[in-house]
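# Architecture at a glance
Listed below are the residues making up each chain.
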Amino acid sequence: MEANSGKSTTNASSLRWKILRRNLIRRSSSNSEDKFEMGIQRISRKATHGFNLIPFHLMKDCVEENVNPMDSSRNATLCYTLPVTNASQLILHQRADDMAHLNDFEFCNRYDIDNTGLVCQWPSEDVLAHYCLSHASIFRGKRVIELGSGYGLAGLIVAMTTEAQDVFISDGNPQVVDYIQRNVNANSGSFGGTEVKPLMLHWGQEKDTDIANTVDVVIASDCTFFKEFHGALIRTIKSLLKEEGPSEAILFSPRRGNSLDKFLGEVKDSGLHFSTDEMYDAEVWRRHQGFVEGDDSWPNYEMDHCYPLLVRITR
Ligand SMILES: C[S@@+](CC[C@H](N)C(=O)[O-])C[C@H]1O[C@@H](n2cnc3c(N)ncnc32)[C@H](O)[C@@H]1O
């Protein structure tokens, strides 16, 4: 990909192959037939902690149409209750915890992408979704795109609750886009007049999209982790935002060492403007303080890696 230096591409791909190799070795040394059969292994996992701002429950025995039973067994279906009068429940299909497949790494290498969108839904997505719910007027009548959506919770919430004109829910990993499509299908009766489209969009390769220079609001959560994609992500945001009239990007990301600062430095170098905010929501801040003070529902919580800052970017 044009945004990568050769070195970072090599590092990313050798990391993926290390994980793949580990999976293969474990698989071939196992006598257990079911382990062999599935090729599914535990790999790096983020624990399922989070801010839990939007209530949900796991739907047991949910059978998804047109999904083969093998794939079904790797999935979990969540049902969110949105805190909005008359809102439908939101259905979200995702990978069950600790389920990875050898195919994941083949896709990663083929498409020069990571598998973080399949690993889990990250805590920042919940915060972004909560922020969108609390600021519905930003989106009303607007063209919106979520970048690096993962399973697409925030994009779906914008589509279901804000009367946006159209919402694109995008990712650069085709397996993730497949989940987005399934989640759009699962909620298709709840979008009112809003057009909702899943989209394969790999940052830096957006020349092919016909929505450049038409987007009012870009949203994204936890997409600044991989430094090698900072430049491409910024170019994508810049190309999507409207040149004429108001438009902005709303991002939530933990600081993660110098990662966010480096991203913001590149935003500035690109000629875009940005602001950051730490205390953007009283409830999120209250929960953050609880974790800092030892609420053990999120063990090892620390602000730098867990608390998302709000970043707003304009032309
Ligand atoms: C850390 S995950 C965050 C997913 C989701 N927003 C969340 O917070 O749960 C980063 C997401 O960005 C996507 N991604 C990574 N690099 C990308 C790229 N170059 N172009 C498009 N998407 C990318 C991944 O597939 C993944 O879904």
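A few points on the structure. Keep in mind it's a predicted model, so treat the numbers as computed, not measured. (Residues numbered from 1 in each chain as written. Predicted model: local features only at pLDDT ≥ 70, side-chain atom pairs only at ≥ 80, totals over all residues.)

## A few points about the overall build of the chain
Looking only at helices and strands, the chain has 12 helices and 10 strands in total. With 315 residues in all, the chain has 41% of them scored as buried. At a minimum sequence separation of 6, the contacts of the chain that also span at least 24 residues come to 75%. (Helix = DSSP H or I, 4+ residues; strand = E, 2+ residues; numbered from the N terminus. Buried ≥ 20, exposed ≤ 12 C-beta atoms within 10 Å, placed from the backbone. Contact = placed C-beta atoms within 7 Å.)

## Points about the sheet that holds strand β8 (residues 248-254)
Taken in spatial order, the 7 strands line up as β6-β5-β4-β7-β8-β10-β9 in an open sheet, and their pairing is mixed. The sheet terminates laterally at β6 (195-200) and β9 (273-277), the two strands that pair on one side only. For this sheet, the mean inter-axis angle between neighbouring strands, taken without regard to orientation, is 20°. Sheet analysis places β8 next to strand β10 (residues 308-314), joined by 7 bridges and oriented antiparallel. Its bridge partner lying in β10, Pro 254 is registered against Pro 308. With respect to the sheet, helix α7 (residues 153-161) is in contact with β4 (143-147), β5 (166-171), β6 and β7 (217-221), its orientation differing from that of β5 by roughly 170°. Of the strands in this sheet, β5 and β6 are in contact with helix α8 (residues 174-186), which crosses β6 at around 165°. (Pairing = 2+ DSSP bridges. Axes fitted to C-alpha atoms, helices over the stretch in contact; angles between N-to-C directions.)

## Focus: the packing of helix α9 (residues 230-240) against helix α10 (residues 259-269)
Between α9 and α10, the least distance of the axes is 10 Å, while the angle of their chain directions is 45°. Between α9 and α10, the angle falls in the class oblique. In this structure, α9 meets α10 at a crossing whose hand is right-handed. Listed contacts from α10 to His 230, Gly 231 and Ile 234 of α9 are Lys 262, Phe 263, Glu 266 and Val 267. (Parallel < 35°, antiparallel > 145°, perpendicular 65-115°, else oblique. Left-handed = near helix turned anticlockwise from the far one by under 90°.)

## Structural notes on the site of the ligand
Taken together, 23 residues form the shell around the ligand, and within it Gly 117, Glu 125, Gly 148, Gly 150 and Gly 172 come nearest. Of all elements in the fold, only α5 (116-119) and α6 (123-134) reach the threshold of two or more residues within the shell around the ligand. For the shell around the ligand, the residue count by class is 8 nonpolar, 11 polar and 4 charged. (Near = placed C-beta within 6 Å. Nonpolar A, V, L, I, M, F, W, Y, C, P; charged D, E, K, R; others polar.)

## Points about the pairing of β6
As paired strands, β5 and β6 are joined by 6 bridges and run parallel to one another. Bridging across to β6, Phe 168 finds its partner in Lys 197. Handedness of the crossover joining β5 and β6 through α8: right-handed. (Right-handed = clockwise from strand over helix to strand, strands pointing away.)

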